[in-house]
Amino acid sequence: MAEIIINIILAVLSVAMTYIAFYFDTKRKVQEQVNSKIDMAEGTGEAGADKMELVVNSLYKIVPAILKPFLTKAVIQKIAQKAFDEIEQYAEKQAKKSV
């Protein structure tokens, strides 16, 4: 009986670990593509909020359905906003250097 319980616990842990690894792999893929999606949105001529929505929706398509409850559009938006802020800071530093 104890062996059966241990096997069930190991199976559940294996599934959970696989799911967690899948989550972090998908999050990494989103983070890798955020800059190119921001660049694409900048070329549209849309307003700021519309550009952010375009980026978020584009990145959200990458997320598999099984992970969408955890990698929500709000999480994707935070990732995109952080990338945009970093790009903006870099641009400001470069502008100060050229002056």
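Higher on the page you've got the structure.
**Student:** I would appreciate a short explanation of the overall build of the chain in the present structure.
**Tutor:** The secondary structure content of the chain amounts to 3 helices and 0 strands. Along the chain, from the amino end to the carboxyl end, the secondary structure elements read α-α-α. Along the first, second and third principal axes, the C-alpha atoms of the chain reach 75 × 30 × 15 Å. Among the 99 residues that make up the chain, the fraction classed as buried is 20%. If you take every contact in the chain between residues at least 6 apart in sequence, the share linking residues at least 24 apart comes to 61%. Mean positive and mean negative side-chain charge positions of the chain (13 and 12 charges, respectively) differ by 2 Å.

**Student:** Any chance you could explain the packing of helix H1 (residues 2–42) against helix H3 (residues 73–98) here in plain terms?
**Tutor:** Between two packed helices, both the angle of their axes relative to each other and the distance between the axes serve to describe the pair. At their nearest, the axes of H1 and H3 sit 9 Å apart, and the two run at 60° to each other. Considering their axes alone, H1 and H3 lie oblique with respect to each other. Where H1 crosses over H3, the handedness of that crossing is right-handed. In this structure, H1 uses Lys 27, Val 30, Gln 31, Val 34, Asn 35, Ile 38 and Glu 42 to contact H3, whose residues at the interface are Ile 76, Ile 79, Ala 80, Ala 83, Phe 84 and Ile 87. Among the residues making up the contact of H1 with H3, the classes are represented as 9 nonpolar, 2 polar and 2 charged.

Calculation rules
Along every chain, residues carry numbers that run from 1 in the direction the sequence is written. Given that this is a predicted model, residues contribute local features only at a pLDDT of at least 70 and side-chain atom pairs are listed and counted only at 80 or more, while totals for whole chains, interfaces and linings are drawn from all residues. The side-chain quantities take in all heavy atoms of the structure and omit both hydrogens and water. What counts as a helix is a DSSP run of H or I of at least four residues, what counts as a strand is a run of E of at least two, and both are numbered from the N terminus. To sort residues, take the accessible area from a 1.4 Å probe on protein chains only and compare it with the maximum for the residue type: under 20% means buried, over 50% means exposed, and anything in between is partly exposed. Contacts are residue-level and defined by heavy atoms, with any inter-residue pair within 4.5 Å sufficient. Residues counted as positive are Lys and Arg, residues counted as negative are Asp and Glu, and His and the chain ends are not counted. Charged side chains are reduced to one point each, which is NZ for Lys, CZ for Arg, CG for Asp and CD for Glu. Inter-axis angles, ranging from 0 to 180 degrees, are taken between N-to-C directions of lines fitted to C-alpha atoms, where helices are fitted over the stretch in contact. Oblique is the label for any angle not under 35 degrees, not over 145, and not in the 65 to 115 range, which are roughly parallel, roughly antiparallel and roughly perpendicular in turn. When the near helix sits turned anticlockwise from the far one by under a right angle, the crossing is termed left-handed; a clockwise turn instead gives a right-handed crossing. For this scheme, ten residues count as nonpolar: Ala, Val, Leu, Ile, Met, Phe, Trp, Tyr, Cys and Pro. Four count as charged, namely Asp, Glu, Lys and Arg, and the remainder, Gly too, count as polar.

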